[in-house]
Amino acid sequence: MSLNSVSYIIEKEVNKVIYSKDIDKNLIRDISFLKSDQRILFIYDKNISKKFINKLKTQLKLTGNIVFFKEVEGKKTNKKLPNLLNLFNLLIKNKFTKNSIIISCGGGVVGDMCGLLSSLYLRGTIYFHIPTTMTAIVDSCIGGKTGINYKGIINSMGSYYHPKRVYISEKVIKEIPDREYFSGFAEIIKSGLIGNKKIINYLIKDKYLNKRTNTKNLSKIIIETLKTKISFFKNDIKEKNVRLSLNFGHTFAHSMEMITDRLLKKDYLRHGEAVGLGILCEIMMSNNGNKNALYNLTETLLKKYNLPTKLKIPFKIQNKIHAGVYKGIFLDKKTKYKNPRYISLKKIHKPQIKEVSDYGLLNDTIYKITEVN
């Protein structure tokens, strides 16, 4: 059994990410060492392989704990207050305590909502997470950000709460649909650009990551990406300073996601696809609206890993899309005063937090990233 792991300490609590071929043995071992009240709620996305879920269910039952199961659907539209309250009601009805265990199994939507649930119920329960999308595996599974969307604003309700353990399954990675798999590479590219040269080298040189045949290099790049993220957040959990760099690309990305969901169709853009486009926008903003070597490198990597380099929109609603992206940027939660903030990157590994001050440049950048069908 191949096994890689990375640990980090937050407020004297050791949190650990375990990457292995079969995660069930590690999960069951860790549960057996816990001083819990032997009540487990296992929340999982309905779209995950039934074989994988059924195996986990069987193993959890064999622990001797009282196990409750809840199937959910990990769509962005389900990341909302009524669904969170339904999970709360399930915990209350079945007399869960602070020493109970919540295990989530899914992508960013499931992880964000279950993390928030775990942080709020009785001010904190034991929480384990099994990420099942590439974006969740390389990004959202750690860092402690939890949240739901409210009033059309992404993650407008949330908290910081870290899973005690994260389990990454090699088997799950092999079953991720191609579009979801490649979507995660935007976050990998982001980490390489802001803080880890090894990642960029892996991405440039490896010929097999986009075919998933080089599992050794894939595990290396995942671990390196997670280590990079940890280096940015471990001393700045609540994004007062350096952690904000992890939002590279996200000021534009969230806005593009919100407006395309509203005017085109839900999940028109996967999160990673939007992040890739957002990275290009923020590099352009950093360079006064021009393309440079860093832009060209990023564009090449996005294309290599089947990610879009233009936001393709219908001619009839192009003005509505442009206006919506522009307006959405001013709703970004990183905004402190009048102007939204973004991450400027003029040189690789030198991210800076900047405010949007040139509205004309902002508008031009939005036009340059779009392509009318």
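Shown above is the structure to which this text applies.
Now for a quick tour of the structure. (Residues numbered from 1 in each chain as written. Predicted model: local features only at pLDDT ≥ 70, side-chain atom pairs only at ≥ 80, totals over all residues. Heavy atoms only, no water.)

1. Some words on the overall build of the chain
A count of helical and extended segments in the chain gives 15 helices and 13 strands. Across its three principal directions, the C-alpha atoms of the chain cover 60 × 45 × 40 Å. In the chain, which comprises 373 residues, the share counted as buried stands at 56%. Summarising the internal contacts of the chain: among those between residues at least 6 apart in sequence, 74% fall at separations of at least 24. Surface summary for the chain: the accessible area is close to 16900 Å², and the carbon and sulfur share equals 51%. Within the chain, one finds 66 positive and 31 negative side-chain charges whose respective centroids are separated by 2 Å. (Helix = DSSP H or I, 4+ residues; strand = E, 2+ residues; numbered from the N terminus. Buried < 20%, exposed > 50% of the residue type's maximum accessible area, 1.4 Å probe, protein only. Contact = heavy atoms within 4.5 Å. Areas by Shrake-Rupley, 256 points an atom, 1.4 Å probe, with all protein chains shown as cover. Lys, Arg positive; Asp, Glu negative; His and termini not counted. Charge placed at Lys NZ, Arg CZ, Asp CG, Glu CD.)

2. What to know about the pattern of salt bridges
Counted according to the given criterion, the structure contains 19 salt bridges. Note that D24 and K55 form a salt bridge whose closest N and O atoms lie 3.8 Å from each other. Of this pair, D24 sits in helix 1 (residues 24-33) while K55 sits in helix 2 (residues 50-61), and the two are 31 residues apart along the sequence. Residue classification places D24 among the buried positions, given a relative accessible area of 8%. Taking the shortest distance from any N to any O, the salt bridge between K190 and E187 comes out at 2.8 Å. Highlighted residues: K190 and E187, both in helix 8 (residues 185-195), separated by three residues, approximately one helical turn. Here K190 and E187 have matching classes, each one buried. Each of D22, D24, K55 and K171 takes part in one network of salt bridges that share partners. (Salt bridge = Lys/Arg side-chain N within 4 Å of Asp/Glu carboxyl O.)

3. Notes on unusual backbone geometry
The bulk of non-glycine residues show a negative phi, and the bulk of peptide bonds are trans. In this structure, N155 takes a positive phi of about 55 degrees despite not being glycine. Among the structural elements, N155 can be located in strand 8 (residues 153-160). Unusually for a residue other than glycine, H349 sits at a positive phi of about 70 degrees. Take H349: it is sitting in the loop between strand 11 (341-345) and strand 12 (351-355).

4. Notes on the nonpolar core
The biggest cluster of nonpolar side chains holds 72 residues, and the ones touching the most others in it are M134, I142, I168, F185, L203, L218 and I222. Counting residues per element, this core draws most heavily on helix 12 (residues 271-286), at nine residues. When neighbours within four sequence positions are excluded, M134 is seen to be in contact with I176, E180, Y181, G184, F185, I188, L218 and I222. Within the second largest apolar cluster, 22 residues are counted, among which are I48, F52, L56 and F128. (Core = buried A, V, L, I, M, F, W, Y, C linked by side-chain atoms within 4.5 Å.)

5. Overview of helix 14 (residues 318-329)
Between its first and last C-alpha atoms helix 14 spans 17 Å; for twelve residues at 1.5 Å apiece the expected length is 16 Å, and the two agree. Those residues of helix 14 that fall on the buried side of the exposure criterion are Q318, I321, H322, G324, V325, G328 and I329. Projection of helix 14 onto a plane perpendicular to its axis shows the buried side chains occupying an angular sector of 165 degrees, all on one side. With respect to the buried face of helix 14, the exposed residues turned more than 90 degrees away are N319, K320 and K327. On the buried face of helix 14, the contacting elements are helix 11 (250-263), strand 10 (311-313), helix 15 (359-369) and strand 13 (370-372). (Expected span 1.5 Å × (residues − 1). Arc of directions from axis to C-beta.)

6. With respect to the packing of helix 11 against helix 12
At a minimum axis distance of 7 Å, the contact between helix 11 and helix 12 shows a crossing angle of 130 degrees. Taken together, the axes of helix 11 and helix 12 lie oblique to each other. The hand of the helix 11/helix 12 crossing is right-handed. Where helix 11 abuts helix 12, its residues H250, T251, F252, A253, H254, M256 and E257 lie against H271, A274, V275, L277, G278, C281, E282 and M285. (Axes fitted to C-alpha atoms, helices over the stretch in contact; angles between N-to-C directions. Parallel < 35°, antiparallel > 145°, perpendicular 65-115°, else oblique. Left-handed = near helix turned anticlockwise from the far one by under 90°.)

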